[in-house]
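Summary of the model geometry
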Amino acid sequence: MSISSRFSVGIHILALIELNKDGTSSSEFLADSVNTNPTLIRKIMGMLKKAGLIVVQPGIAGAKLAKEPSFITLLDVYKAVEVVQEKELFSVHENSHPNCPVGRNIQDSITPILSAAQLAMEKVLGNVTIEDIIKDIVEKEKFNVL
């Protein structure tokens, strides 16, 4: 299993809204860039709005970032699109056989490691902003203009 693509789509949406800030970032426009349907984009935009990351106005096409891109971290996006519940990135199977030494101890053995791994990942995401992503995209595009 992997983290839901809502996470990368959320980052895509935010970056494109900022790069297109002088245009209209409708769900159709965003969906075309993501290569998906506008319904999925509207669902994710609703999550981003609820988290205070974008501003949309009913009946008016388009969206704007609610904050400067330097103040929106990838962790904000990760939490906004509800990829996982708090401290539940990794699931540990339950109901192992209590008469087996592995079954009896596996949860207690791996849960602290998995929790530490999730915290490490969230720390990395918290140190990268949408602005960082946009700068990287712009830099990469400099070489694709030819």
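Quick look at the structure, then. (Residues numbered from 1 in each chain as written. Predicted model: local features only at pLDDT ≥ 70, side-chain atom pairs only at ≥ 80, totals over all residues. Heavy atoms only, no water.)

With that settled, the discussion passes to the overall build of the protein chain. Within the protein chain, the regular secondary structure consists of six helices and two strands. Moving toward the C terminus, one meets the helices and strands of the protein chain in the order α-α-α-β-β-α-α-α. Principal axes of the C-alpha set define a box for the protein chain whose edges measure 65 × 35 × 25 Å. Taking all 146 residues of the protein chain together, the buried fraction comes to 31%. Considering only contacts within the protein chain whose residues lie at least 6 apart along the sequence, 64% involve residues at least 24 apart. Approximately 9500 Å² of the protein chain is accessible, and the part contributed by carbon and sulfur atoms is 56%. (Helix = DSSP H or I, 4+ residues; strand = E, 2+ residues; numbered from the N terminus. Buried < 20%, exposed > 50% of the residue type's maximum accessible area, 1.4 Å probe, protein only. Contact = heavy atoms within 4.5 Å. Areas by Shrake-Rupley, 256 points an atom, 1.4 Å probe, with all protein chains shown as cover.)

Moving on to helix H3 (residues 38–50). Under the 1.5 Å per step criterion, the end-to-end length of H3 is 18 Å for 13 residues, consistent within 8% with the ideal 18 Å. Within H3, the full set of buried residues consists of Ile 41, Ile 44, Met 45, Met 47 and Leu 48. Here the buried residues of H3 occupy an arc of 155° about the axis, which is enough to place them on one side. In this structure, H3 carries Thr 39 and Lys 50 as exposed residues pointing more than 90 degrees from its buried face. Of the surrounding secondary structure, the elements contacted by the buried residues of H3 are helix H1 (6–19), helix H2 (27–34), strand E1 (54–57), strand E2 (60–65) and helix H4 (74–80). (Expected span 1.5 Å × (residues − 1). Arc of directions from axis to C-beta.)

Our next topic: the side chain of Thr 129. In this fold, Thr 129 is placed in the loop between helix H5 (101–126) and helix H6 (130–142). In this structure Thr 129 comes out as buried when scored by relative accessible area, which is 12%. Here Thr 129 is in contact with Pro 69, Ser 70, Ile 72 and Thr 73, once residues within four sequence places are set aside.

Phe 7, Ile 13, Leu 14, Leu 48 and Val 77 are the most contacted members of the largest nonpolar core, which has 32 residues in total. Going through the elements one at a time, H1, H2, H3, E2, H4 and H6 are the ones with two or more residues in this core. Here this core gets eight residues from one element, more than from any other, and that element is H1. Apart from the residues lying within four places of it in its own chain, the contact partners of Leu 48 are Gly 10, Ile 13, Leu 14, Leu 53, Ile 54, Val 77, Ala 80 and Val 81. (Core = buried A, V, L, I, M, F, W, Y, C linked by side-chain atoms within 4.5 Å.)

One pass over the full model with this rule turns up four salt bridges. Between Arg 42 and Glu 28 there is a salt bridge; the shortest N-O distance is 3.6 Å. Of the two residues, Arg 42 is situated in helix H3 and Glu 28 in helix H2; the sequence distance between them amounts to 14 residues. Residue Glu 139 is joined to Lys 142 by a salt bridge in which the shortest nitrogen-to-oxygen separation is 3.3 Å. With Glu 139 and Lys 142 both in helix H6, this residue pair falls three residues apart, about one helical turn. (Salt bridge = Lys/Arg side-chain N within 4 Å of Asp/Glu carboxyl O.)

For the rest of this paragraph, the subject is a nonpolar patch on the surface. Nonpolar side chains collect at one region of the surface, where Leu 19, Ile 137 and Val 138 lie side by side and expose about 220 Å² of accessible area between them. For Val 138, the location among the structural elements is in helix H6. Residue Val 138 is classed as partly exposed on the basis of its relative accessible area, which comes to 38%. (Patch = residues over 30% accessible without salt bridge, like charges linked within 9 Å, V, L, I, M, F, W, Y side chains within 5 Å.)

So, about unusual backbone geometry. In this model, Asn 35 sits at a positive phi of 65°, which is unusual for a non-glycine residue. By secondary structure assignment, the location of Asn 35 is in the loop between H2 and H3. Residue Asn 35 is classed as exposed on the basis of its relative accessible area, which comes to 71%.

Worth remembering: the numbers are spatial, not functional.
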